[in-house]
Amino acid sequence: MEEADELKLMDTRRAEWEGQCLRSSLEKCGLDESPFRMYTPLDRSEGWTFLGRVGWPGEYPFTAGTFATTTLEADKTRRRGSAYAGYGTAEDTNRYVRSLANHGFGVRKKPTFAFSLPTQCGYASDDPLARGEVGKVGVSIDTLRDMEVLFEDYTGDDDLDRIQPTFIINSIADILLAMYVALGEKRGIPPTRLTLHLQNDMLKEFVARGTQIFPVRPSMRLVRDSVVYCTKNMPLSRPITFCGDHMREAGATAEQTLGFAFANAIAYVQTFIDAGLDVDDFGPRLAFLYFKGSIDVYKEIALQRAARRMWAKIMRDRFKAKNVDSWRLRTDWGITMKYSDTTKQRPLNNLTRAVVCGVASLMAGHDCDVRPPFDEPLGLGHSLEALQLKRDAERILKYEAKLGDVIDPFAGSYFMENLTDEVEAEAWRIIEKVEAMGGAVVAVENGYMQQEITRSAYEEQKALGTGERVLVGVNKFLGEEELDVTIARTLGHPYNPRTRAAAENRQLANLRRIKRERNDARLRRSLSDLKDAAQDERTNLIPPLIETVKAYATVGEICASLKEVFGEYRPATI
């Protein structure tokens, strides 16, 4: 039978089924319409073919997977090695990372550092605006001396040219990059042998997170300078990681997250090309943090499949990348829930939620990742008990349930292919709207992205308030018979509370000592040279920043000098 004839027959049979079998069931259940839906070949997009829309894993259009295969432990080693850590002073964080390694969380080779809020926002610890925040949400880095302490026991087989640290930093990414390069030079290690991964996604800071310092266009210049510098001098590094998850945390829908993240990425890639780089020189080093989201399993799987297909199309067709590795969408993690959706009420339910996401992640073509640990909403620093449960859940899903044995198990599913097409179509519509107004930079400057995400956040919160969206133990299933289950804590808090409370005074003492001992004439000269370089749009600021950090300028002093040239960001009214 010809396909057209078969589809016509199927349409006729569906009408008969709805009029007889389905109607009878609805009458018995007292329903006007079914809460469920059945998908068939009638729901496929026009012109849909397996090779055109799905293909093989590791090949264009990458719907089924970024790579054809991977070793069973490859991604797991990478993720366990990138535990996110940082609090107090550099010395405190150094000690904490060592303790994680001692408990089996292999973070020596691939540490990921969180930074103090004043550091993220370009303030030194002795700035009045930093008071009370030093070392609270990450490690405080004021000068090159802090970077030296942070990495002081990374020597021998763990020296800087043998590790792959990640800095979760944006507004001052160029400054911390300069510090790391300067630290390498002090050890006789040239930049070409260093590997450093930066978040460095400034556009999402304006849209969703809020640690921006300078206006949008100077911020884009700083991103450009670090990417150009790393492409030419640190080819092993990943100088930028595009972030959709922060927009999702701020309230963006799945489709908005995908559309805005890709619109931002398009703006970045064009900026790097305009700076003289060939797309295939940096394309294989681009990555996305993740798109985060909900535990709506089907929607999140569809989002991941659509994302891989869209990025491949953007890089191949729009930017004419020739290297297949430039087409691959690399993500640090797969599907995870929004951390803001974790609950203090009945917190062990967060483990169940994270396991659901781990299942979805495996089914979406990623390695298994069960995150966040269940005690995420209970305070900074995950307990080792929570980390153990997280790790064991991943092992159970992979080795006992064997959910990782099949790549993209939904490939060809009438339902999943339809949903993937729907998510992709809406994301393209959002991208096209952003492009029509002049691109992501304009859409951030005029407040469009911020306004759209704010609207979605309001609708989401309203749905929680009305009960339309259920959050177990928060707005439903709250009866007196419900139990609040806890686990015994056998180990102390990972972030020593006394150490954390005293961190600010110790950091201020360290900073006072550095300011006494540094060469003030060299400091003033380097800051002056940096300001002169900033006035020339064509000058890459990484080399003068390296000289400035070598003079032990503080993060605050460097940002103050750049503010004199760039000004400060003032948000659009939304």
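Given the structure is predicted, the values throughout are model-derived calculations rather than measurements.

## Looking at the packing of helix 15 (residues 349–363) against helix 16 (residues 384–400)
Okay, step 1: One way to put it is that helix 15 packs onto helix 16 with a least axis distance of 10 Å and a crossing angle of 40 degrees. Judged by the sense of rotation from one axis to the other, the crossing of helix 15 with helix 16 is right-handed. Note on element contacts: helix 16 touches helix 15 through Leu389, Ala393 and Leu397, opposite Leu351, Val355, Gly358, Val359 and Leu362.

## Details of the pattern of salt bridges
Okay, step 1: Under the definition given, this model contains 54 salt bridges.
Okay, step 2: A salt bridge links Arg209 to Glu205; the shortest N-O distance between them is 3.3 Å. Remark: Glu205 and Arg209 occur in helix 8 (residues 202–209); sequence separation between them is four residues, near one turn of the helix.
Okay, step 3: Taking relative accessible area as the criterion, Glu205 reaches 0% and is therefore assigned buried.

## Description of the confidence of the model for the protein chain
In low-pLDDT regions, the fine details of the predicted coordinates are not to be read closely.
Okay, step 1: Across the protein chain, pLDDT averages 93, with 97% of residues at or above 70.
Okay, step 2: When the criterion is pLDDT under 50, residues 73–81 qualifies, and its contacts beyond four places in sequence or with other chains add up to 24 contacts.

## Comments concerning the packing of aromatic side chains
Okay, step 1: Under the definition given, this model contains 26 aromatic pairs.
Okay, step 2: A centroid spacing of 6.2 Å and a plane angle of 90 degrees characterise the contact between Tyr87 and Tyr96, whose relative ring orientation is edge-to-face.
Okay, step 3: With a relative accessible area of 8%, Tyr96 lands in the buried category.
Okay, step 4: With centroids separated by 5.5 Å and ring planes inclined at 80 degrees, the aromatic side chains of Phe113 and Phe151 adopt a geometry described as edge-to-face. You can see Phe113 sitting in strand 2 (residues 112–113) and its partner Phe151 sitting in the loop between helix 6 (144–150) and strand 3 (166–167), a full 38 residues away along the chain. Accessibility assignment for this pair places Phe113 and Phe151 in one class, buried.
Okay, step 5: Taken together through their ring pairs, the aromatic side chains of Phe242, Phe262, Tyr268, Phe272, Phe282, Phe288, Phe291 and Trp311 make up a single cluster.
Okay, step 6: Positioned above the aromatic ring of Tyr60 is the side chain of Arg316, whose terminal nitrogen or guanidinium carbon lies 3.7 Å from the ring centre.

## Points about the nonpolar core
Okay, step 1: Formed by 68 residues in total, the largest nonpolar core has its most connected members in Leu258, Phe262, Trp311 and Met449.
Okay, step 2: The biggest single contributor to this core is helix 11 (residues 254–274), with twelve residues.
Okay, step 3: Setting aside residues no more than four positions away along its own chain, Leu258 makes contact with Phe291, Leu303, Ala306, Ala307, Met310, Val423 and Ala427.

## Let's talk about a nonpolar patch on the surface
Okay, step 1: On the surface, a cluster of nonpolar side chains totalling about 210 Å² of accessible area is made up of Leu117, Val137 and Leu380.
Okay, step 2: Tracing the backbone shows Leu117 in helix 5 (residues 117–120).

## Some points on the packing of helix 11 against helix 19 (residues 448–466)
Okay, step 1: Packing of helix 11 against helix 19 leaves a shortest axis separation of 12 Å and a crossing angle of 165 degrees. The angle between helix 11 and helix 19 places the two elements in the roughly antiparallel class. Here the hand of the crossing between helix 11 and helix 19 comes out left-handed. Note on element contacts: helix 19 touches helix 11 through Tyr448, Met449, Glu452, Ile453 and Ser456, opposite Gln256, Phe260, Ala263 and Asn264.
Okay, step 2: Of the residues assigned to the contact of helix 11 with helix 19, the class counts are five nonpolar, three polar and one charged.

## Examining unusual backbone geometry
With glycine set apart, most residues show a phi of negative sign, and most peptide bonds adopt trans.
Okay, step 1: Here Tyr60 and Pro61 are connected by a cis peptide whose omega angle stands at 10 degrees.
Okay, step 2: With respect to the helices and strands, Pro61 occurs in the loop between helix 2 (50–53) and helix 3 (74–80).
Okay, step 3: Residues other than glycine seldom take positive phi values, yet Arg346 does so here, at roughly 45 degrees.
Okay, step 4: Here Arg346 shows up in the loop between helix 14 (324–327) and helix 15.
Okay, step 5: You can call Arg346 buried: its relative accessible area is 14%.
Okay, step 6: Positive phi, close to 50 degrees, is recorded for Asp408, a residue that is not glycine.
Okay, step 7: With respect to the helices and strands, Asp408 occurs in the loop between helix 16 and helix 17 (414–436).

Definitions and cut-offs
Sequence order as written defines the numbering, with residues in each chain counted from 1. In view of the model being predicted, local features appear only for residues whose pLDDT reaches at least 70, and side-chain atom pairs are presented and counted only at 80 or more, with totals across whole chains, interfaces and linings using the full set of residues. Computation of side-chain values: all heavy atoms of the structure, hydrogens and water removed. Axis geometry follows a simple rule: fit a line to the C-alpha atoms, using only the stretch in contact for helices, then measure angles between N-to-C directions, giving values from 0 to 180 degrees. A run of DSSP states H or I qualifies as a helix once it reaches four residues; a run of E qualifies as a strand once it reaches two. Both are numbered from the N-terminal end. Crossing handedness follows the turn of the near helix against the far one: under a right angle anticlockwise gives a left-handed crossing, and clockwise gives a right-handed one. Any two residues whose heavy atoms approach within 4.5 Å at even a single point are treated as in contact. For this analysis, a salt bridge means a side-chain nitrogen from Lys or Arg found within 4 Å of a carboxyl oxygen belonging to Asp or Glu. For every residue, the accessible area obtained with a 1.4 Å probe (protein chains only) is divided by the maximum for its type, and the residue is called buried under 20%, exposed over 50%, and partly exposed between those limits. Confidence per residue, as judged by the predictor, is encoded in pLDDT with a range of 0 to 100. Only the six-membered ring of Trp is used, alongside the rings of Phe and Tyr, when aromatic pairs are assigned; centres must lie within 6.5 Å, and planes under 30 degrees apart are stacked while those over 60 apart are edge-to-face, with the rest tilted. For a ring to carry a charge above it, either NZ of a lysine or CZ of an arginine must fall within 6 Å of the ring centroid while also lying within 35 degrees of the normal to the ring plane. Note on terminology: a nonpolar core comprises buried Ala, Val, Leu, Ile, Met, Phe, Trp, Tyr and Cys residues joined through side-chain atoms within 4.5 Å. Exposure above 30% relative accessible area and no salt bridge define the residues that can form patches, which grow by joining like charges within 9 Å and nonpolar side chains of Val, Leu, Ile, Met, Phe, Trp and Tyr within 5 Å. Here the Shrake-Rupley method, with its probe set to 1.4 Å, supplies the accessible areas, and only the displayed protein chains count as covering residues. For classification purposes, an angle smaller than 35 degrees is called roughly parallel, one larger than 145 roughly antiparallel, one from 65 to 115 roughly perpendicular, and anything else oblique. Polarity classes work like this: nonpolar for Ala, Val, Leu, Ile, Met, Phe, Trp, Tyr, Cys and Pro, charged for Asp, Glu, Lys and Arg, and polar for all others, with Gly in that last group.

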